Number of protein chains: 2
Amino acid sequence: MTTCKTCCSSTPVPHFSKAGTPKGDSFIQQILALAARPDVISFGGGLPSPEGFPLAEVKAAADYVIDTDGKRALQYSSLKGDPALRAIIAERETARGCPTTADDVQIVSGSQQALDLMARLFIDPGSKILVESPTYLGALQAFMLCGPECVEIPTDAFGMNPDLMGEECRGARFAYVMPTFQNPTGLTISVERRKKLAEKAREYDFWLVEDNPYGELYYGDEPPASMRAFCPERTITLGTMSKVLAPGFRLGYIIAPKSVLDAAAEMKQAMDLHTATYTQLVTARVLSQGLFEEHLPKVRDIYRSQAKVMLDALDEYMPKHPEITWTRPEGGMFIWLTFPKGVDASEVMKKTLASDVPVGFVPGEAFYANNPKDHVNTCRFSFVTVPAEKIVAGVKSVAEALKTFL
Amino acid sequence: MTTCKTCCSSTPVPHFSKAGTPKGDSFIQQILALAARPDVISFGGGLPSPEGFPLAEVKAAADYVIDTDGKRALQYSSLKGDPALRAIIAERETARGCPTTADDVQIVSGSQQALDLMARLFIDPGSKILVESPTYLGALQAFMLCGPECVEIPTDAFGMNPDLMGEECRGARFAYVMPTFQNPTGLTISVERRKKLAEKAREYDFWLVEDNPYGELYYGDEPPASMRAFCPERTITLGTMSKVLAPGFRLGYIIAPKSVLDAAAEMKQAMDLHTATYTQLVTARVLSQGLFEEHLPKVRDIYRSQAKVMLDALDEYMPKHPEITWTRPEGGMFIWLTFPKGVDASEVMKKTLASDVPVGFVPGEAFYANNPKDHVNTCRFSFVTVPAEKIVAGVKSVAEALKTFL
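Residues numbered from 1 in each chain as written. Chains lettered and ligands numbered in written order. Predicted model: local features only at pLDDT ≥ 70, side-chain atom pairs only at ≥ 80, totals over all residues. Heavy atoms only, no water.

Novice: For this particular structure, what's the right way to read the domain arrangement of chain A?
Specialist: Many descriptions give the size of an interface as the accessible area lost when the pieces come together. Residues and elements named next belong to chain A. For chain A, the assigned domains are domain 1 (27-52 + 296-403) and domain 2 (56-289). On a C-alpha basis, the centroid separation for the pair domain 1 and domain 2 is 26 Å. Listed as interface residues are 24 residues of domain 1 and, on the opposing side, 28 residues of domain 2. Summing the contributions of domain 1 and of domain 2, the shared interface buries around 2300 Å²; its carbon and sulfur component is 61%. Per-residue buried area on domain 1 facing domain 2 is highest for Arg-300, Phe-367 and Ala-369; these three make up 24% of the total on that side. Summed over the shared surface of domain 1 and domain 2, the result is one salt bridge. Where domain 1 meets domain 2, there are 10 residue pairs in polar contact (both at pLDDT 80 or more). Within the residue set of the side of domain 1 that touches domain 2, elements represented by two or more residues are helix H10 (296-317) and strand S12 (334-338). Considering each element in turn, the side of domain 1 that touches domain 2 owes the most residues, six residues, to H10. Its residues placed into classes, the side of domain 1 that touches domain 2 shows 15 nonpolar, five polar and four charged. (Domains from an automatic or database assignment. Contact = heavy atoms within 4.5 Å. Buried area = accessible area lost by both parts, 1.4 Å probe. Salt bridge = Lys/Arg side-chain N within 4 Å of Asp/Glu carboxyl O. Polar contact = N/O pair within 3.5 Å; in protein donor to acceptor, adjacent residues only side chain to side chain. Helix = DSSP H or I, 4+ residues; strand = E, 2+ residues; numbered from the N terminus. Nonpolar A, V, L, I, M, F, W, Y, C, P; charged D, E, K, R; others polar.)

Novice: What's the story with the sheet that holds strand S7 (residues 174-177) of chain B in this structure? I'm lost.
Specialist: Across a sheet, paired strands are connected by hydrogen bonds in the backbone, their directions being either parallel or antiparallel. Residues and elements named next belong to chain B. Pairing is mixed across the open sheet formed by seven strands, whose spatial order is S2-S10-S9-S8-S7-S3-S4. Strands at the two margins of the open sheet, each flanked by one partner only, are strand S2 (105-108) and strand S4 (149-153). The average angle at which neighbouring strand axes cross in this sheet is 20 degrees, direction not considered. Here four bridges tie strand S9 (residues 235-240) to strand S10 (residues 252-255), and the two strands are oriented antiparallel to one another. Following the sheet pairing, Leu-238 is matched in S10 by Ile-254. The strands touched by helix H4 (residues 111-122) are S2, S7, strand S8 (207-211), S9 and S10; relative to S9, the strand with the most contacts, the crossing angle is about 155 degrees. The strands touched by helix H7 (residues 258-272) within the sheet are S2, S8, S9 and S10, with S2 carrying the most contacts at an inclination of about 25 degrees. (Pairing = 2+ DSSP bridges. Axes fitted to C-alpha atoms, helices over the stretch in contact; angles between N-to-C directions.)

Novice: Would you take a moment to explain the UniProt feature "domain: Aminotransferase class I/classII large" (unreviewed entry) in chain A for this structure?
Specialist: Look at the UniProt record and you will see "domain: Aminotransferase class I/classII large" (unreviewed entry) annotated at residues 54-389 of chain A. Taken end to end, residues 54-389 of chain A is 38% helix and 16% strand, and its two terminal C-alpha atoms sit 24 Å from one another. (UniProt positions renumbered as here; feature names shortened; annotations may be inferred.)

Novice: Help me out: how do you make sense of the interface of chain A and chain B in this one?
Specialist: Each partner contributes to the interface: chain A provides 83 residues, whereas chain B provides 83 residues. Counting each side, the surface lost to burial between chain A and chain B is near 7300 Å², with a carbon and sulfur contribution of 60%. The closest approach of N and O atoms between Arg-120 of chain A and Asp-116 of chain B, which form a salt bridge, is 2.8 Å. The tally of links from chain A across to chain B stands at 35 residue pairs in polar contact (both at pLDDT 80 or more). At the level of elements, helix H2 (55-73), helix H4 (111-122), helix H5 (137-144), helix H6 (191-203), helix H7 (258-272) and helix H8 (277-288) of chain A are the ones that each hand at least two residues to the side of chain A that touches chain B.

Novice: Please clarify how the nonpolar core should be interpreted in this entry.
Specialist: Buried together is how nonpolar side chains tend to be arranged in soluble globular proteins. With 221 residues, the main nonpolar core has Tyr-278 of chain A together with Tyr-278 of chain B as its most contacted residues. Contacts of Tyr-278 of chain B, omitting those with residues within four sequence positions, involve Val-58, Ala-62, Gly-248, Phe-249, Tyr-278 and Thr-279 of chain A together with Ala-62, Ile-66, Ala-73 and Leu-74 of chain B. (Core = buried A, V, L, I, M, F, W, Y, C linked by side-chain atoms within 4.5 Å. Buried < 20%, exposed > 50% of the residue type's maximum accessible area, 1.4 Å probe, protein only.)

Novice: Teacher, can you tell me more about the side chain of Thr-180 of chain B here?
Specialist: Residues and elements named next belong to chain B. Along the polypeptide, Thr-180 turns up in the loop between S7 and helix H6 (191-203). There is a polar contact of 2.9 Å between the side chain of Thr-180 and the side chain of Arg-194. Other than its neighbours up to four places away in sequence, Thr-180 contacts Leu-187, Thr-188, Arg-194, Asn-212, Tyr-214, Gly-215 and Pro-223.

Printed below as a string of structure tokens:
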């Protein structure tokens, strides 16, 4: 075998693009790897509870699809996605206050693909985009591949505050927001702030990419309507089946004005032709059989009770200190904790991992576009995958570790 | 509602990126739209014959997966893909002459996603890549989003000819080749040319992206081994389940040296987290039950007999003319036709579409990276979706139309 000319061994060096050049394991990945031991109580994941998966419904739907429409289920299909599935999604959106037709919906392979698609549709290297502070980690990963300049939207204890958005927002390609049960904070922005955000989008000429994976997972009252109710002409809403049905299907959707939807379909064709026909037909069947009505209340019950267990444990065990605070979400999967300035949540986590009751969670710095090291005193806890008794033991263990830093 | 500042109406203009700005319907899309009428005999599609879909096997496998491993099937899973599926793919590659382990395999959402991933991993704006002339349309679509400069590899009646590759190839990010039953020509390059291509890749320091969707669909003898047998250290092989199982699953894979595979996994995470768990487990079950051994011979039989019908019809009905030629594929799904210089295949197609026996096919210019208008006298016929009697009637109709141009 001829050896490589560039590195003088038999393993030549690939000519990667700028975006493709591996970044290597990030600090956060290293931390999460530490917490991957099977004995660790994990507050880290955003995985839905498998107790909530509708196995019998999926099995019956899969049989039905092959029996009644098998050849279509296994064939290539349309770029936009299955018409029946798009119609069900549109009906649901309409019922929640945003009139929507099947034509307004593009099916994608999970909402991570929707984020990647948004990045590629809107971001050139150096383009300005607006993001919450903190914001969803997976969105940052997708956006960063396209090289944007991120401007952080100021936030407070009630989430992002559009009153503080000014000239720096003008002409941004889009603002990426998760107004309902946000990942990572669990916060929901109010109707008043939604209205104000719509005004700012018009005033400063930016579009809204509204990510709404958790809107169905409310524990009490329904959350405020989608940003499409306040700013229909500039809002692109991203949704997913991962939290209400199952993540293993990798099904998500985009609802947007026609100009964006047409461009999205053109891009989607080059990205993967279309999303799997089979999983779309199975999902449409499951949903048409009343999954939202029958199944979602059960998932909400599980999450509501687990959230309560974690909040109660935090109230009981966390050290009483004016600078130790956490959010009290009314839906979704996450609680956001703030420790006193100077306490590094990664160090607290390492301490718990070395204890008799090791606990993993996600250090908060991972969720900031700019200057993450200014936010090392924050972290995200998820309560959905861990059984109640382990939630209590885990919170107690973190509280013990934290005390040694005060 | 406040009106938009930039266009003075209530429909604001999205701030698209360069890649995201819609190109509008291409000439080719307009032509294909003409041929989408239900009465048209379509030689256009690359859709596999649904007669070949293993419906009973898929149904049994889906039931088995939910019954035995349902919670895992519906949950998030690993970036690289299901270990059992990767192991089966690796075994298959090993049996075909390229020693492969599950660790060498990355699962993707169809081979179109693999092409997009290659584009993003390797191409910066202006990067040089090498492509066959003609080459696969879907690959060009994916690559073009990243703005490469395409250098065409000279081809002859036996496919691409590496003897003619020179200094212009040095330092290309990669050469994209489909050496076996190529789309669009149906041609397979010989063992000698494969060896020569490996030498050229080393001499001029480029990598090989080998697309192999049709390798299993041989009608007689097995085709030559993958480029990985000739140039393992520089070859990235893309495979798909779309032709041997079903396209509706959108399952493909990448086999590559570790340096590329690690970078691909990092990129894949930002693109869509991972490919659907459910379809991976169902596919692994179908394959482990002997699909390759029992099912593939049936698919090959269907395609072999349909190819023969089309080739016989071409021999019988096409005008005898020294400049009217076509390829005689020994596998795959396509025949490539060349008409006399000056005859535009799109015009021939329009003529057949206006006739009593309307026929659609794909004008050849769509398959050229550079100067497509130099190749308007070519076209691609597929024989796999259309029943035998319609193949004969369709060929006869094209032949009649073509005669009026001579």
